[in-house]
Amino acid sequence: MWIAVMYLWAINTLTLLAFGWDKLRARRRKRRVPKRRLLWLAALGGGPGAVVGRWIFRHKTRKGRFSAWLFAILIVQAAACYAAFTYLPPLLG
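Before going into details, it helps to say that this report is about the structure given with it. Keep in mind the model is a prediction, meaning the values are calculated, not measured. (Residues numbered from 1 in each chain as written. Predicted model: local features only at pLDDT ≥ 70, side-chain atom pairs only at ≥ 80, totals over all residues. Heavy atoms only, no water.)

**Topic: the packing of aromatic side chains**
And then number 1: The final tally for this structure, using the stated rule, is one aromatic pair.
And then number 2: Sitting above the plane of the Phe 66 ring, Lys 60 keeps its charged end 5.8 Å from the centroid. (Phe/Tyr/Trp six-rings, centres within 6.5 Å; stacked < 30°, edge-to-face > 60°. Lys NZ or Arg CZ within 6 Å of the ring centre and 35° of its normal.)

This is the structure in structure tokens:
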């Protein structure tokens, strides 16, 4: 259980930092972090970190397709968490 918590902590921190790095690079007109990489970080468990990163840095907030993909990832992750906490404990105990 603790391994999963540490993984989620790490991936969300990494995703938040990636959004901050991309925003910094955008302001300086330098090479950016690809949108695909940001979405992959979110899909690997960093969805909450991505949403917080968008909010803190006000980054990628007007990108419609990016937002749709990000919130689809969040919905799938929320459903997986719900299923894990609802159905997994009776199977283990």
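**Comments concerning the pattern of salt bridges**
And then number 1: Within the structure shown, the criterion is met by two salt bridges.
And then number 2: The partner of Arg 32 in a salt bridge is Asp 22, and the shortest N-O contact between them spans 2.9 Å. Residue Arg 32 is located in the loop between helix H1 (2-27) and helix H2 (35-57), and its partner Asp 22 is located in helix H1; the two are separated by ten residues in the primary sequence.
And then number 3: Using a relative accessible area of 38% as the deciding quantity, one classes Arg 32 as partly exposed.
And then number 4: Its relative accessible area of 0% is what places Asp 22 among the buried residues.
And then number 5: A salt bridge links Asp 22 to Lys 60, with the shortest nitrogen-to-oxygen separation between them at 3.7 Å. In this pair, Asp 22 is assigned in helix H1 and Lys 60 in the loop between H2 and helix H3 (64-92), connecting sequence segments 38 residues apart. Just as Asp 22 is buried, Lys 60 falls in that class too.
And then number 6: Via salt bridges that share partners, Asp 22, Arg 32 and Lys 60 belong to a single interconnected network. (Salt bridge = Lys/Arg side-chain N within 4 Å of Asp/Glu carboxyl O. Helix = DSSP H or I, 4+ residues; strand = E, 2+ residues; numbered from the N terminus. Buried < 20%, exposed > 50% of the residue type's maximum accessible area, 1.4 Å probe, protein only.)

Without other data, these values stay purely geometric and don't point to any function.
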